[in-house]
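# Examining the three-dimensional arrangement
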Amino acid sequence: MILSMTGYGRAEQVLNGRDITVELRSVNSRFFEYSSRIPRTCAFMEDKLKKLVAARVSRGKVELNLSIQNVTAADTVVQVNWQLAESYKNAFQAMADRMDLKNDATVGMIARFPDVLTQTAAPTDPDALWADVEQVAGQAVEAFLAMRAAEGEKLRADVEGRLTTIETLVGQIEQNSAGRVQAYTERLYARLKEILEDRSIDEARLVTEAAIFADKTAIDEETVRLHSHVAQYRAILALDEPVGRKLDFLTQELNRESNTIGSKCQDVSITRLVVELKSEIEKIREQIQNIE
């Protein structure tokens with residue numbers, strides 16, 4: 001499966017009174033780069049999140065965002081300041097006794113006084129919190145990979161189409177190249193006949209010149225290698241592993257062979273085909289920069 005290095009994934013779930021959201025986004029990079037933005041209270045899971053992502057992603061600049069919002073009071077503990085409450089109770093009783101009045105103090109009344117009731121955050125279990133975050137992060141990674149796969153399929157289809165075009169162009173180059181020696185020999189013969197006029201032409205010398213020309217302009221090895229590279233390209237595209245670096249190297253080889261053909265052949269028709277060939281290779285090179 002071909003994966004694009006650009007992608008986005010998001011997952012959100014409410015677990016144990018916490019609304020947890022994880023977002024992943026990535027862009028192209030030669031290697032795996034990871035960065036994150038997470039709450040300070042979750043700093044202990046930084047390395048765990050990185051390993052979770054790295055286990056599924058081999059290339060790309062990936063950014064992870066983690067957000068945790070409390071949606072219930074489950075993490076809050078209400079405590080009573082008993083000493084202060086007792087003081088208020090005694091004060092009310094003292095006032096009732098001295099003023100000969102009924103003591104009508106209630107719990108609700110005393111509770112409204114400052115600092116009688118205090119709220120503190122309940123201690124968080126790191127393992128339980130990580131278990132919840134891991135679950136949501138795993139869903140975000142799956143969504144992230146699904147988008148990468150969809151984009152990767154588009155890239156694969158485009159590259160496959162261009163490989164077919166390259167094969168067609170190479171075939172045309174081979175056809176045009178087949179008659180180049182004969183055409184050169186005929187041009188050379190006509191030129192010599194014009195120069196020498198009535199004098200005889202050295203046929204042996206003509207054959208030797210044609211042979212030298214054929215040797216200098218032979219492109220059979222290059223076209224054979226181009227066909228081989230295209231076949232290898234397709235085989236790599238079918239692999240179920242990251243293939244971006246392999247394809248990058250093979251694209252350089254395609255370009256090298258096309259340059260060699262261009263430097264060997266002076267025929268205008270072949271030169272035009274080489275220009276088209278190099279254009280297709282360059283478009284492939286641009287596409288594979290996005291492949292993991």
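My aim in this report is to walk through the structure given alongside it, one point at a time. (Residues numbered from 1 in each chain as written. Predicted model: local features only at pLDDT ≥ 70, side-chain atom pairs only at ≥ 80, totals over all residues. Heavy atoms only, no water.)

## Considering the overall build of the protein chain
Just so we agree on the cut-off: Runs of E in the DSSP output that reach at least two residues are strands. Runs of H or I that reach at least four are helices, and both are numbered from the N terminus. Note on exposure labels: buried denotes an accessible area under 20% of the residue type's maximum, exposed denotes more than 50%, and partly exposed covers the range between, all computed with a 1.4 Å probe on protein chains only. Contact criterion: two residues are considered in contact whenever any of their non-hydrogen atoms come within 4.5 Å of each other. Note on areas: Shrake-Rupley with a 1.4 Å probe; residue coverage comes only from the protein chains shown.
Assigned secondary structure in the protein chain consists of nine helices and six strands. Residues classed as buried in the protein chain amount to 33% of the 292 residues present. In the protein chain, 79% of the contacts between residues at least 6 apart in sequence involve partners at least 24 apart. As displayed, the protein chain has an accessible area near 17400 Å², and 52% of this comes from carbon and sulfur atoms.

## Side note on the sheet that holds strand β4 (residues 60-70)
We count it as follows: Strands pair, by our definition, only if DSSP identifies at least two bridges between them. Here, axes are lines fitted to C-alpha atoms. For helices the fit covers the stretch in contact, and angles between N-to-C directions go from 0 to 180 degrees.
Within the open sheet, the four strands sit side by side as β1-β2-β4-β3. Their pairing is mixed. On the outer flanks of this sheet lie β1 (7-15) and β3 (32-37), each paired with one strand and no other. Direction aside, neighbouring strands of the sheet carry axes that sit 15° apart on average. Pairing geometry for β3 and β4, over six bridges, is parallel. Within β4, the residue paired with S35 across the bridge is E63. Relative to β3, helix α1 (residues 46-54) is tilted by about 140°, and along the sheet it contacts β2 (18-27), β3 and β4.

## Quick notes on unusual backbone geometry
Backbone geometry places N16, a non-glycine residue, at a positive phi of 50°. Checked against the element boundaries, N16 lands in the loop between β1 and β2. If you check the backbone angles, D100 has positive phi at about 55° while not being a glycine. Since its relative accessible area comes to 69%, D100 is described here as exposed.

## Let's talk about the side chain of E23
We apply this condition: Throughout this description, a polar contact denotes any pair of N or O atoms lying within 3.5 Å of each other; where both atoms belong to protein, one of them has to be capable of donating a hydrogen while the other can accept it, and for residues adjacent in sequence the pair is counted only when both atoms sit in side chains.
Examined against the element boundaries, E23 turns out to sit in strand β2. At a separation of 2.7 Å, a polar atom in the side chain of E23 contacts the side chain of Y8. In this structure, E23 is in contact with Y8, G9, R10, E63, L64 and N65, ignoring residues within four places of it in sequence.

## Observations concerning the pattern of salt bridges
Note that side chains of opposite charge can pair when their charged atoms are close. Put simply, the rule reads: In what follows, salt bridge is the name for a side-chain nitrogen of Lys or Arg lying within 4 Å of a carboxyl oxygen of Asp or Glu.
Evaluation of the coordinates by the stated rule reveals 21 salt bridges. Across the salt bridge formed by R148 and E292, the nearest N and O atoms sit 3.3 Å from each other. You can see R148 sitting in helix α4 (residues 126-178) and its partner E292 sitting in the segment after α9 (268-288), a full 144 residues away along the chain. In terms of burial, R148 and E292 fall into one category: buried. Residue R234 pairs with E160 through a salt bridge whose shortest N-O separation is 3.3 Å. On the criterion of sequence distance, the pair formed by R234 in helix α7 (residues 220-237) and E160 in helix α4 is long-range, its members being 74 residues apart. Several salt bridges share partner residues, and in doing so they unite E153, R156, E160, E167 and R234 into one network.

## Topic: helix α2 (residues 82-99)
The condition is simple: The length a helix should cover is 1.5 Å for every residue beyond the first. Within this analysis, the arc is defined by the directions that extend from the helix axis to the C-beta atoms.
Its 18 residues give α2 an end-to-end C-alpha distance of 26 Å, which sits within 8% of 26 Å, the value for a rise of 1.5 Å per residue. Within α2, the full set of buried residues consists of A85, F92 and A96. All buried residues of α2 lie within an arc of 35° about the axis, which places them on one face of the element. Residues of α2 that are exposed and point over 90 degrees away from its buried face: Q83, D97 and R98. Elements in contact with the buried residues of α2: α3 (107-111). Positive backbone phi, at 55°, marks D100, one or two positions downstream of α2.

## Some thoughts on the pairing of β1
The two faces of the sheet receive side chains in turn, since in a regular strand these alternate between them. As defined by bridge partners, β1 adjoins β2 across nine bridges and the pair is classed as antiparallel. Opposite R10, over in β2, you have E23 as the bridge partner. Counting the residues that bridge the hairpin from β1 to β2 gives two residues, and of these N16 lies at a positive phi of roughly 50°.

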